[in-house]
Amino acid sequence: MKSTLDQIEDIKRDGYTIDFNTVFTHAFENYKKIALYSGLIILVFSIIFAFAFMGIMVAFYGAASLTEQFFQNLAVQKTSYLELVISTAVISAVTALLAPFGAGFLKMADAADKDESFDFSTIFTYYKGAYFAQIFVASLIITLISTSIGALIDGLGIRFLGTALSIMVNFFTYLSIPFIVFGNLKSLEAIKASLVIVTKNPGMIFILFVTGFIGSLLGLAGCCIGVLFTVVFNTSMTYATYFSIISMDQEEEDSIDSIGQSDFE
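Keep in mind that what you see is a predicted model, and the values were worked out from it rather than measured. (Residues numbered from 1 in each chain as written. Predicted model: local features only at pLDDT ≥ 70, side-chain atom pairs only at ≥ 80, totals over all residues. Heavy atoms only, no water.)

A. Just unusual backbone geometry, in detail. Non-glycine residue Asp-115 carries a positive phi angle of around 55°. With respect to the element layout, Asp-115 can be found in the loop between helix 4 (81-113) and helix 5 (129-155). Take Asp-115: its relative accessible area is 64%, and that puts it in the exposed class. Of note in the backbone geometry, Asn-184 takes a positive phi value of approximately 55° without being a glycine. Along the chain, Asn-184 falls in the loop between helix 7 (176-181) and helix 8 (187-200). Exposure remark for Asn-184: the relative accessible area of 11% places this residue in the buried category. (Helix = DSSP H or I, 4+ residues; strand = E, 2+ residues; numbered from the N terminus. Buried < 20%, exposed > 50% of the residue type's maximum accessible area, 1.4 Å probe, protein only.)

In structure tokens, the structure reads:
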């Protein structure tokens with residue numbers, strides 16, 4: 001069985017084919033297995049984060065100041081360049097810290113796909129060992145680039161272009177985290193591998209990327225809380241997309257000690 005890096009080299013040379021119906025069906029069947037459990041996990045942590053956020057806001061501004069007008073003024077307040085740099089760094093760091101949590105849903109999707117058991121602790125799988133470091137670094141790099149580009153372009157008054165470029169950064173790095181957790185690649189190798197995969201078939205990958213995003217928002221149609229149970233569809237789509245391209249027939253390693261023993265050019 002070829003290693004992930006060998007398969008990437010083959011794709012760089014020969015390209016690959018991918019079928020939308022096959023990937024979508026795989027993603028949807030996988031989603032049905034994890035939707036309820038993952039939705040409950042997201043609901044619990046959303047409540048915890050909401051209380052934590054309100055507690056921080058009360059500590060800094062006082063309970064009396066937290067009115068609708070306060071949040072409106074906060075949203076339109078013009079920030080200085082220093083504040084912009086600080087906010088970009090903070091957002092990137094927080095996103096990177098939460099990235100292993102999101103990767104935990106990939107682990108849940110993998111377990112469900114293999115008809116293996118999973119529980120609440122599965123979501124924290126990648127907060128341990130070398131997985132955390134590689135996911136954190138990859139997410140930090142991607143978020144720093146996307147938020148910096150978005151903030152810079154928005155600062156020039158071209159708001160939609162900044163958002164579009166940020167989305168494109170996330171599109172080209174779409175499969176970075178799966179390459180870390182399933183392909184045992186280092187952070188930079190995973191980002192490069194994702195770039196190879198996307199650029200070799202950008203049209204179909206973009207369709208899958210958008211389909212996953214739209215599917216994750218379908219819960220907004222009926223009741224807003226429903227999105228907590230549909231947002232994980234994007235995870236299933238990412239999972240199905242990755243495994244429609246990269247073969248992983250051999251038993252997965254329990255550690256990530258072998259990450260990056262070969263250089264990825």
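B. Here's a closer look at the environment of Ala-35. Mapped onto the secondary structure, Ala-35 falls in helix 2 (residues 20-61). For the pair formed by Ala-35 and Phe-229, sequence separation is 194 residues and the distance between their alpha carbons is 5.6 Å. Residues in contact with Ala-35, not counting those within four places in the same chain, are Phe-229 and Val-232. (Contact = heavy atoms within 4.5 Å.)

C. View of the nonpolar core. In terms of nonpolar packing, the biggest core is built from 55 residues, with Phe-105, Phe-179, Val-181, Ile-197, Ile-205, Ile-245 and Ile-246 touching the most fellow members. Leaving out residues up to four positions away in the same chain, Phe-179 has contacts with Thr-4, Ile-8, Asn-184, Leu-185, Ala-190, Ala-193, Ser-194, Ile-197, Tyr-242 and Ile-246. (Core = buried A, V, L, I, M, F, W, Y, C linked by side-chain atoms within 4.5 Å.)

D. Region of the structure containing helix 11 (residues 233-245). If you check helix 11, its first and last C-alpha atoms are 19 Å apart, about what 13 residues at 1.5 Å a residue would give, namely 18 Å. Across the 13 residues that make up helix 11, a large majority, ten, are buried. Listed as buried for helix 11 are Phe-233, Thr-235, Ser-236, Met-237, Thr-238, Tyr-239, Ala-240, Thr-241, Tyr-242 and Ile-245. (Expected span 1.5 Å × (residues − 1).)

E. Expanded view of helix 1 (residues 4-14). Looking only at helix 1, the buried set comprises Thr-4, Leu-5, Gln-7, Ile-8, Asp-10 and Ile-11. For helix 1, the elements touching its buried residues are helix 7, helix 8 and helix 11. Within two residues after helix 1, Gly-15 carries a phi angle of roughly 75°, on the positive side.

F. Representation of the packing of aromatic side chains. This structure, assessed with the given rule, holds 28 aromatic pairs. Plain terms: the ring middles of Tyr-37 and Phe-118 are 5.6 Å apart, the flat faces sit at 90° to each other, and that makes the pair edge-to-face. Note that Tyr-37 is positioned in helix 2 and Phe-118 in the loop between helix 4 and helix 5, a separation of 81 residues in sequence. Judged by relative accessible area, which is 33%, Tyr-37 ranks as partly exposed. When the ring of Phe-45 is compared with that of Phe-124, the centres are 5.9 Å apart and the planes differ by 65°; the resulting orientation is edge-to-face. You can see Phe-45 sitting in helix 2 and its partner Phe-124 sitting in the loop between helix 4 and helix 5, a full 79 residues away along the chain. You can call Phe-124 partly exposed: its relative accessible area is 33%. (Phe/Tyr/Trp six-rings, centres within 6.5 Å; stacked < 30°, edge-to-face > 60°.)

G. Representation of the environment of Met-237 in the model. Relative to the elements of secondary structure, Met-237 occurs in helix 11. For Met-237, a relative accessible area of 0% translates into the label buried. Taking the C-alpha atoms as reference, Met-237 lies 4.8 Å from Ala-27; in sequence the two are 210 residues apart. For Met-237, the contacting residues outside a window of four places in its chain are Val-23, Phe-24, Ala-27, Tyr-174, Leu-208, Thr-211 and Gly-212.

H. Quick look at the side chain of Ser-194. Of note, Ser-194 is situated in helix 8. With a relative accessible area of 0%, Ser-194 lands in the buried category. If we skip the residues at most four places from it in the chain, Ser-194 touches Phe-172, Thr-173, Tyr-174, Leu-175, Ser-176 and Phe-179.

Purely geometric stuff here, so don't read any function into it on its own.
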